[in-house]
Amino acid sequence: MIDITSRRVPLAAGAIAAALLISGVLILGRNPASSPPKSLQWARSSTRKNVVISMAYGYPLSRFRIFVGSLRQSGYTGDIILFTNFTADPERDRRRGGAADDPRIPAYLRRNSVTFYDAGNSDVQMHPKLWRYKLYDEQVRKEEYASSLILLIDFRDVVFQADPFAFIHLRGEWLRFYEEIFPPTMRQSHYTYEWIRECWGEDVAQKMADAVIVCSGATMGTAKGILHYTHKMAHAMQTAPHPICADHDQRYHNYLLYTGQFERVRQLRAGHAEVYNLGYIGKQNRSRDGLNPTRWRHIADITTRDSEGHVAVLNEDGAIAPVLHQYDRVPWLTEAIEGRFAGRNQ
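So, how was this worked out
As a convention, each chain's residues are numbered from 1 in the sequence order in which they are written. This being a predicted model, a pLDDT of at least 70 is required before a residue's local features are given, and a value of 80 or more before pairs of side-chain atoms are given or counted; all residues contribute to the totals for chains, interfaces and linings. Side-chain numbers come from the whole structure's heavy atoms, not from hydrogens or water. The term nonpolar core refers to a set of buried residues drawn from Ala, Val, Leu, Ile, Met, Phe, Trp, Tyr and Cys, joined through side-chain atoms within 4.5 Å. Only protein chains enter the accessibility calculation, which uses a 1.4 Å probe; a residue whose area is less than 20% of its type maximum is buried, one above 50% is exposed, and one in between is partly exposed. When the sulfur atoms of two cysteines come within 2.5 Å, that pair is taken as a disulfide. Secondary structure counts use DSSP, requiring at least four H or I residues in a row for a helix and at least two E residues in a row for a strand, with both numbered from the N terminus. Using only the protein atoms, space was sampled on a 1 Å grid; points where a 1.4 Å probe fits but cannot get out form cavities, open sets with protein on both sides within 12 Å along at least five of seven lines form pockets, and lining residues are those with an atom within 4 Å of a point. Grid points are joined across faces, edges and corners, and a volume is the space filled by probe spheres set on the points. Side-chain classes follow a simple rule in which Ala, Val, Leu, Ile, Met, Phe, Trp, Tyr, Cys and Pro form the nonpolar group, Asp, Glu, Lys and Arg form the charged group, and the remainder, Gly included, forms the polar group.

(A) Quick peek at the nonpolar core. Within the largest apolar cluster, 64 residues are counted, with the highest numbers of intra-cluster contacts made by Ile-53, Phe-262 and Tyr-276. Formed by 31 residues, the second largest nonpolar core is a distinct cluster that contains Phe-67, Phe-116, Phe-155 and Met-220.

Written out as structure tokens, the structure reads:
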């Protein structure tokens, strides 16, 4: 079942929609995302053992302080698993060099109860962005996460404003996917359209041209749903139709979604969910005369300050957006977030 909670269902009359129906996938009408209380206070974590998993490969300490520090400060007490380019063996890390030369990083992660593993990419042909799906799959299979909600998310450009799981009410879905802000279609995004076309051909790209782009940088689901997702993603990458396809997980994420290969998906609009993708405020914000003022005003309109005076971004209903993804596309947000977290030694 795909529940597309979008302003439109662009494929309803197209060939891809027919393919979805043939494969037994049902496209439903929009349902609004569960609305959290209209408060700027940090939410309390739920009692379920949830887990946030990310690939944190080759980043400086400041990035860990933003990601981990904001997540812990949000009130989240669940598990955090990071795949890094260093290990729990300081001597081995010193021999390997790189970001692992900074002993403050593993010390910081231990203080914040973060489990971290060496990503150890044995497949030198695969970019870490793709290799991560194999690593995620191994972790989610652990018995301790059988009843968990799991968030797979990017690392470098993510900050947490509240516990991402605190207000989740599943309605039968296994997976929760998140649209981009001002959701562009494949046709409106040259890069995404080309990523589809160069791997699966012009006919497939044309059939998907009016589908709204869904971001691969954040996916939430049950353990069963995430295993289903990581298996499909890893398999698609390993069986890519052409060597040129061995990058950009965004292409696989959207191709598999719109060809009906994911089960029980709820697709959520930006500003109406626990993850707010801000990327297209920076990618498609230019008019012929420069920056598109309407889009920047929109970001200003949904930005406020919490009870402690910190900058906070709101969802469309006035409630705090628990997770901001691609915040670095907005200069004043970047300055506020980095000023708050990057230099702190939690």
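(B) Region of the structure containing the state of the cysteines. Using the criterion set out here, one finds one disulfide in the structure. With its sulfur 2.0 Å from that of its partner, Cys-199 forms a disulfide with Cys-245. For the disulfide bridge between Cys-199 and Cys-245, the dihedral angle about the S-S bond is near -135°, and by the sign convention the bridge is left-handed. Residue Cys-199 is found in helix α6 (residues 190-200), and its partner Cys-245 is found in the loop between α8 (223-238) and α9 (249-258); the two are separated by 46 residues along the sequence.

(C) The arrangement of empty space enclosed by the protein in detail. The tally for this structure, following the rule as stated, stands at two cavities of 30 Å³ or more. Of the pockets and cavities examined, the largest cavity occupies roughly 60 Å³. Taken together, Arg-132, Tyr-133, Tyr-136, Leu-152, Ile-153, Asp-154, Ser-216, Gly-217, Ala-218, Thr-219 and Tyr-229 make up the full set of residues lining the largest cavity. Of all the secondary-structure elements, those providing two or more residues to the lining of the largest cavity are α5 (128-140), β6 (149-153) and β9 (214-222). Taken together, the residues of the lining of the largest cavity sort by class into six nonpolar, three polar and two charged.

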